[in-house]
Amino acid sequence: MQKDNAKKQQGTGWGKVASWYDAHLKEDDTYHAQVVLPNLIRLVDLKKDQSLLELGCGQGFVLEKFLPFSKKLTGVDIGKELIAIAQKNHKEISYTVGSAEDSVILRGQTFDVITIVLAIQNMKHLNLVVSNLSRLLAPKGRIYLVLNHPAFRIPQYGDWIYNEKKKTQSKVMDLYMSEKEISIDMNPGQKTDKQITSSFHRPLQVYSKVFAKHNFAITKIEEWISHKVSQPGPRAEAENAARKEFPMFMCLELKRV
């Protein structure tokens, strides 16, 4: 895998920006609130007797939304600062500090549903993560992976292009097939105290091959578009049309085969 040069060593956890990230997710107009959560809750369709584990759970923003459906909820995240916030806010949910790549987390436990929401792209060793999914999933369980769309949302390697003649907006990508480790600013807009993490772009076939290695099949694919609407202007119609054509997120359902 290629690796971008970085000025300093960086990790893949979001613990160092826990307070900023917690405040951001409390806003009403985020992609989490308007796109990811409604679709994920619908797709998972969690029942009261079913257990759910979220790997890379952060401060529990997603997990707490499943409390009306089941009380058997568990979250794991590598960021101890994020888990501290989660434990303070949601005492009825079981939280653990740990890595999704660690083969000893939650030893002896299995879950009916496992989710990884916009976090698998920050996990470096995909094979270790999927191995853990196999270990932690109940025999007839389901897995839901939400990720930035691997074809259309590759940080630093895609641009919007407006065609003045056609009055259309298109997405141009600089790469897709190459795996890439990309340095990401975790708190964009902050002028000081920049915190850098890594995002790992992988083409779909990389995911598919690792899933097959661990006897998982992709049983559903959904692609979710942005909810945003442009302000009135000469390009608004083209921008709104493009948002409907180029999805931001992909959700994969996995089951054992």
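Figured I'd write up the structure that's included with this text. (Residues numbered from 1 in each chain as written. Predicted model: local features only at pLDDT ≥ 70, side-chain atom pairs only at ≥ 80, totals over all residues. Heavy atoms only, no water.)

Backbone hydrogen bonds are what pair the strands of a sheet, in a parallel or an antiparallel way. Reading across the sheet, the seven strands line up as 4-3-2-5-6-12-11 and stay open at both edges, with mixed pairing between neighbours. Of all the strands in the sheet, just strand 4 (94–97) and strand 11 (216–224) have a single pairing partner and so form its edges. Pairwise comparison of adjacent strand axes, ignoring direction, gives a mean angle of 15° for this sheet. Bridging between strand 6 (residues 137–148) and strand 12 (residues 249–256) involves six bridges; their strand directions are antiparallel. Among the inter-strand pairings, isoleucine 143 is bridged to a residue of strand 12, identified as leucine 254. (Pairing = 2+ DSSP bridges. Helix = DSSP H or I, 4+ residues; strand = E, 2+ residues; numbered from the N terminus. Axes fitted to C-alpha atoms, helices over the stretch in contact; angles between N-to-C directions.)

A separate point is the packing of aromatic side chains. What the rule picks out here adds up to five aromatic pairs. Considering the side-chain rings of tyrosine 31 and phenylalanine 249, the 5.9 Å spacing of their centres and the 65° angle between planes classify their relative orientation as edge-to-face. Of this pair, tyrosine 31 sits in helix 2 (residues 31–44) while phenylalanine 249 sits in strand 12; the two residues are 218 residues apart in sequence, bridging distant segments of the chain. For the ring pair phenylalanine 152 and phenylalanine 246, a centre distance of 5.5 Å and an interplane angle of 75° mean the geometry is edge-to-face. Here the residue phenylalanine 152 occupies a position in the loop between strand 6 and strand 7 (158–163), and phenylalanine 246 occupies one in the loop between helix 6 (236–245) and strand 12, the gap between them amounting to 94 residues. Three or more aromatic residues link up through ring pairs in this structure, and these residues are Phe152, Trp160 and Phe246. Its guanidinium or amino end placed over the ring of tryptophan 160, lysine 171 lies 4.8 Å from that ring's centre, counting from NZ or CZ. We note lysine 228 situated over the ring of tyrosine 31; from NZ or CZ to the ring centre the distance is 5.5 Å. (Phe/Tyr/Trp six-rings, centres within 6.5 Å; stacked < 30°, edge-to-face > 60°. Lys NZ or Arg CZ within 6 Å of the ring centre and 35° of its normal.)

Let us look at the side chain of histidine 201. Mapped onto the fold, histidine 201 is located in strand 10 (residues 196–201). Only 2.7 Å separates the side chain of histidine 201 from the backbone oxygen of tyrosine 176, close enough to count as a polar contact. Discounting residues that sit within four places of it in the chain, histidine 201 has contacts with Pro150, Ile154, Leu175, Tyr176, Ser178, Glu179, Lys180 and Ile182. (Polar contact = N/O pair within 3.5 Å; in protein donor to acceptor, adjacent residues only side chain to side chain. Contact = heavy atoms within 4.5 Å.)

Right, let's talk about the pairing of strand 3 (residues 73–77) for a bit. With five of five residues buried, strand 3 lies mostly within the body of the structure. Alternating residues of strand 3 divide into Leu73, Gly75 and Asp77 and Thr74 and Val76, and every residue in both groups is buried. Relative to strand 3, strand 2 (residues 52–55) runs parallel, the two sharing four bridges. Counted as the bridge partner of leucine 55 is valine 76 from strand 3. Bridging between strand 3 and strand 4 involves four bridges; their strand directions are parallel. Among the inter-strand pairings, aspartate 77 is bridged to a residue of strand 4, identified as valine 97. Remark: the strand 3/helix 3 (residues 80–89)/strand 4 crossover connection has right-handed handedness. (Buried < 20%, exposed > 50% of the residue type's maximum accessible area, 1.4 Å probe, protein only. Right-handed = clockwise from strand over helix to strand, strands pointing away.)

Read these as layout, nothing more, since geometry by itself doesn't imply function.
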